[in-house]
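Coordinate inspection notes
Listed here are the chains, written in short residue letters.
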Amino acid sequence: MAGRRSTKKTPLKKHIRNIAMISLGSLVCTAGYLILITPNDLLAGGVWGVAAILNHYLPRIPMGAFLVILNIPLLLWGWNKLRLRFAVYTVYAILLQSALLILIEPYLPTYTANPLLACIFGGVLVGVGSGTVVRYHGSGGGTDVIGIILKSKYDISIGTISLIVNALIVFCAAFIFGFERAMYTMVNLFISARVFTQVLEGLNRKRNVMIISEHGDAIAERLLHEVGRGVTKLHGEGGYTRKNKDVLFCVVSRFELALLKEVIQQIDPQAFVCINETYEVLGSFPKHAALEALMSEEQQAAILDSGELPQMSIESEYDSEVNENQI
């Protein structure tokens, strides 16, 4: 199909895993919405919020039906811009979420005792659910699809589109349910966005470190043997002093950061060090390299035999596989 990028065939095992996780994420998201958000007159973000507004004025039509109706023209509009896997998973997620909104609502309890708690934990559940769907290459449609289309034509980010849509939703909530509920909706949207990002990026973030020093070889040698991490060495020159400098680049876990700084401080207290957070590392990244570097072979073998710490524990399948541009 014109405009669609080709991708290598995904193994059936991964398709089954992705579908299962998308299903679980959709269930969590829908349950959070039905139990905590809608009973307290709050609105979700994106197309869910628009569907809830339409359902408020046309209660005879289920919200799940509005969810499908709103997404159909968006999917048709942007179909050629979507990867096939992403498109199929998105259609599945939309249909499943719409069906769940209709089918499980009579069987779920509702919580209305404390609106603040409802918007906090509702945001957590929606964030976890929607984040899981996107983490496994799907989407709930709506603003994601709009963002993909507008980004390809006008270079407008998906985040900007989402912000505009959510601002309109909060504005409508203020007039429909009152300003107090609109403020609760803002809290709910903020929490769900933060949790969504955390789920998508993962909890096991790394630190990338850039070290500028005149003693690069000595630092690199210590990092390789004591921290157990690979180091990339570049050659630089001071812009003011015109002196030759070694530029080292290294990625470590947060547990290894203290050891890395200690090594640098011992060799070159004047070294310039820049540390940034990295939420994903592609390729092989041993989790316990620092411990392995400091232990003898006998100690590693003993721990390996005990089953407590794999000698070369690699990142999870999701974290280490290439994060394809799913849109």
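Below is a short write-up of the structure. (Residues numbered from 1 in each chain as written. Predicted model: local features only at pLDDT ≥ 70, side-chain atom pairs only at ≥ 80, totals over all residues. Heavy atoms only, no water.)

1. Re the overall build of the chain
When its secondary structure is counted, the chain shows 13 helices and four strands. Among the 327 residues that make up the chain, the fraction classed as buried is 41%. With an accessible surface of roughly 17900 Å², the chain has 63% of that area assigned to carbon and sulfur atoms. (Helix = DSSP H or I, 4+ residues; strand = E, 2+ residues; numbered from the N terminus. Buried < 20%, exposed > 50% of the residue type's maximum accessible area, 1.4 Å probe, protein only. Areas by Shrake-Rupley, 256 points an atom, 1.4 Å probe, with all protein chains shown as cover.)

2. Looking at the nonpolar core
Among the nonpolar cores identified, the biggest contains 41 residues, and Tyr 33, Leu 43, Trp 48, Met 63, Leu 67, Leu 82 and Leu 101 are the most heavily contacted of them. When residues of this core are traced back to their parent elements, those giving at least two are α1 (12–37), α2 (46–57), α3 (63–78), α4 (84–103), α5 (115–135), α6 (143–154), α7 (158–177) and α8 (179–201). For this core, the element with the most residues is α7, which contributes seven residues. Here Leu 43 is in contact with Ile 37, Gly 49, Ala 52, Ile 53, Ile 169, Ala 173, Phe 177, Thr 185, Asn 188 and Leu 189, once residues within four sequence places are set aside. Core analysis: the second largest hydrophobic core is formed by 14 residues, Ala 220, Val 227, Cys 250 and Val 252 among them. (Core = buried A, V, L, I, M, F, W, Y, C linked by side-chain atoms within 4.5 Å. Contact = heavy atoms within 4.5 Å.)

3. Considerations on the pairing of strand β3 (residues 244–253)
Of all the ten residues making up β3, seven are buried; the element is thus mostly covered by neighbouring parts of the structure. Pairing geometry for strand β1 (residues 206–213) and β3, over eight bridges, is antiparallel. Within β3, the residue paired with Ile 211 across the bridge is Leu 248. If you look at the hairpin formed by strand β2 (residues 232–237) and β3, you'll find six residues sitting between the two strands, and Arg 242 has a positive phi there, around 65 degrees. (Pairing = 2+ DSSP bridges.)

4. Examining the packing of α3 against α4
At their nearest, the axes of α3 and α4 sit 7 Å apart, and the two run at 165 degrees to each other. Here α4 runs roughly antiparallel to α3, going by the angle between their axes. α3 and α4 meet at a crossing whose hand is left-handed. Between α3 and α4, the residues in contact are Met 63, Gly 64, Ala 65, Leu 67, Val 68, Asn 71 and Leu 75 and Thr 90, Val 91, Ile 94, Leu 95, Gln 97, Ser 98, Leu 101 and Ile 102, respectively. Class assignment for the residues of the contact of α3 with α4 results in ten nonpolar, five polar and no charged. (Axes fitted to C-alpha atoms, helices over the stretch in contact; angles between N-to-C directions. Parallel < 35°, antiparallel > 145°, perpendicular 65-115°, else oblique. Left-handed = near helix turned anticlockwise from the far one by under 90°. Nonpolar A, V, L, I, M, F, W, Y, C, P; charged D, E, K, R; others polar.)

5. Details of α2
With twelve residues, α2 extends 18 Å between its outermost C-alpha atoms, agreeing within 8% with the 16 Å of an ideal straight helix rising 1.5 Å per residue. Inspection of α2 places Gly 46, Val 47, Trp 48, Gly 49, Ala 51, Ala 52 and Ile 53 among the buried residues, and these make up the whole buried set. (Expected span 1.5 Å × (residues − 1).)

6. A look at the sheet that holds β2
Pairing in this open sheet of four strands is antiparallel, and the strands run β2-β3-β1-β4 from one edge to the other. This sheet does not close on itself; its edge strands, each paired only once, are β2 and β4 (272–278). Geometrically, the sheet is characterised by an average inter-axis angle of 20 degrees between neighbouring strands, direction not taken into account. In terms of strand pairing, β2 meets β3 through six bridges, oriented antiparallel. Within β3, the position partnered with Gly 236 by the bridge is Lys 245. Packing against the sheet, helix α9 (residues 216–227) makes contact with β1, β2 and β3, and its axis sits at approximately 15 degrees to β3.

7. Observations concerning the environment of Leu 75
Note on placement: Leu 75 falls in helix α3. Among the residues examined, Leu 75 registers a relative accessible area of 11% and is labelled buried. Leu 75 has contacts with Leu 82, Thr 90, Val 91, Ile 94 and Val 145, leaving out every residue within four places of it along the chain.

8. Let's talk about the packing of aromatic side chains
For the structure shown, the criterion picks out two aromatic pairs. Where Tyr 33 meets Trp 48, the ring centres are 5.3 Å apart and the plane angle is 75 degrees; that geometry is what we call edge-to-face. Remark: Trp 48 occurs in helix α2 and Tyr 33 occurs in helix α1; sequence separation between them is 15 residues. (Phe/Tyr/Trp six-rings, centres within 6.5 Å; stacked < 30°, edge-to-face > 60°.)

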